[in-house]
Amino acid sequence: MGSELSALKGRDFLASGDISSEQSQALINLAAAIKSGQRRPRLEGKVLGLIFSKASTRTRVSFTVAMARLGGQTIDLNPSLSQVGRGEPIADTARVLSRYVDALAIRTFAQSDLQGYADAASIPIINALTDLEHPCQALADYLTMQEAFGSLEGLTMAYVGDGNNVAHSLLIAGAQLGVNVRIGCPAGFHPDPQVVEQARALAGERCRMEVVVDPGCAVAGAQAVYTDVWASMGQEQEQSEREQAFKGFCVDEALMAKADPAAIVLHCLPAHRGEEISEAVLEGPASRIFDQAENRLHAQQALLASLLGADGLEA
Ligand code: CP
Ligand code: NVA
């Protein structure tokens, strides 16, 4: 686990594909070891800045608590209260903040804005969700799947709904981890073809990356069934149009009956009960949704410890 993770020191995590397959698996294993108490990396004196231009409960709080558990601190750099919100250039902001804090976790709209921070900063920049990807989420998601099944190789992750940021990170990270990923989404809401191609190239012969239009075909025999909101942050005005387009894509008990009988249910949250997921499935025995939310904390401790070079990762 050690040498792969030591190589992450000082690096950015802007997208799932920024790390290797081995690093992705090693981060998940370190997260599991941190969760069990077997590993306790330390980041005393280190400070993480949070720049969130969109709402967040889980990501903001889990990054804050992750730093506290590692012995470090977090500063909330609310964009509406800093000069970022008044138009100070990203490059200037990134250079100044690099003199104060040790890493930045950024939630924003365009991936190019995140890249702009990374280009100018001299500290690690972490994607805390953009319109393109949610890579920290995918680490927690596959940790949750590994906990349920012991290992990930050869399992199938079915994602039903919008081919969005969460679907993109599941594709890339799944390809790295040897998980077959099947995306079921209506025509017009498919994942970005470039992301699908990237995932297929990473997967090679090891696992399959598929996009289908029938939710039943997507979940057939799958070990995990995952969904997310139909309208992501920034798409609120499309809500009613999307409710029409996604009719038949609700993860309910009838759809779950087509999955592997041992299948788990995942959702990154927040959820819209009665839209992308039924109340019965969200609260049912197959749901690992609240373990998944907890796992954000453990996965991000593993990520921060690696990017900030915590001692003892070689153990
Ligand atoms: N899943 C997730 O990223 O949740 P938040 O928007 O609450 O951070
Ligand atoms: N796809 C959702 C995920 C929220 C955690 C969004 O971008 O709003």
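Let me begin by describing the structure that accompanies this report. (Residues numbered from 1 in each chain as written. Chains lettered and ligands numbered in written order. Predicted model: local features only at pLDDT ≥ 70, side-chain atom pairs only at ≥ 80, totals over all residues. Heavy atoms only, no water.)

**Brief notes about the overall build of the protein chain**
Here comes step 1: Secondary structure summary: the protein chain contains 13 helices and 9 strands in total.
Here comes step 2: C-alpha atoms of the protein chain, sized along the principal axes, occupy 55 × 45 × 35 Å.
Here comes step 3: The 315 residues of the protein chain split such that 55% are buried.
Here comes step 4: By sequence separation, contacts in the protein chain at least 24 residues apart represent 75% of the contacts at least 6 residues apart.
Here comes step 5: As displayed, the protein chain has an accessible area near 12,600 Å², and 50% of this comes from carbon and sulfur atoms.
Here comes step 6: Once the 25 positive and 38 negative side-chain charges of the protein chain are each reduced to a mean point, those two points are 5 Å apart. (Helix = DSSP H or I, 4+ residues; strand = E, 2+ residues; numbered from the N terminus. Buried < 20%, exposed > 50% of the residue type's maximum accessible area, 1.4 Å probe, protein only. Contact = heavy atoms within 4.5 Å. Areas by Shrake-Rupley, 256 points an atom, 1.4 Å probe, with all protein chains shown as cover. Lys, Arg positive; Asp, Glu negative; His and termini not counted. Charge placed at Lys NZ, Arg CZ, Asp CG, Glu CD.)

**Observations concerning the site of ligand 2**
Here comes step 1: Near ligand 2 the following residues occur: Leu-129, Asn-164, Asn-165, Asp-228, Ser-232, Met-233 and Leu-269.
Here comes step 2: A distance of 2.6 Å separates a nitrogen atom of ligand 2 from a polar atom in the side chain of Asp-228.
Here comes step 3: One of the backbone N or O atoms of Met-233 is found 2.8 Å from an oxygen atom in ligand 2.
Here comes step 4: Isolated, ligand 2 exposes 270 Å² of accessible area, and the fraction of that covered by the protein chains is 94%.
Here comes step 5: When its residues are assigned to classes, the shell around ligand 2 shows 3 nonpolar, 3 polar and 1 charged. (Near = heavy atom within 4 Å. Polar contact = N/O pair within 3.5 Å; in protein donor to acceptor, adjacent residues only side chain to side chain. Nonpolar A, V, L, I, M, F, W, Y, C, P; charged D, E, K, R; others polar.)

**As for the sheet that holds strand S8 (residues 224–227)**
Here comes step 1: Strand order in the open sheet formed by 5 strands is S7-S6-S5-S8-S9, with parallel pairing between adjacent strands. Bordering the open sheet on either side are strand S7 (209–212) and strand S9 (264–267), each of which pairs with just one other strand. The sheet shows a mean angle of 20° between the axes of neighbouring strands, direction not considered.
Here comes step 2: When S8 meets S9, the two strands line up parallel, connected through 4 bridges. Within S9, the residue paired with Val-225 across the bridge is Val-265.
Here comes step 3: Sitting on the sheet, helix H13 (residues 289–307) is in contact with S8 and S9, with an inclination near 50° to S9. (Pairing = 2+ DSSP bridges. Axes fitted to C-alpha atoms, helices over the stretch in contact; angles between N-to-C directions.)

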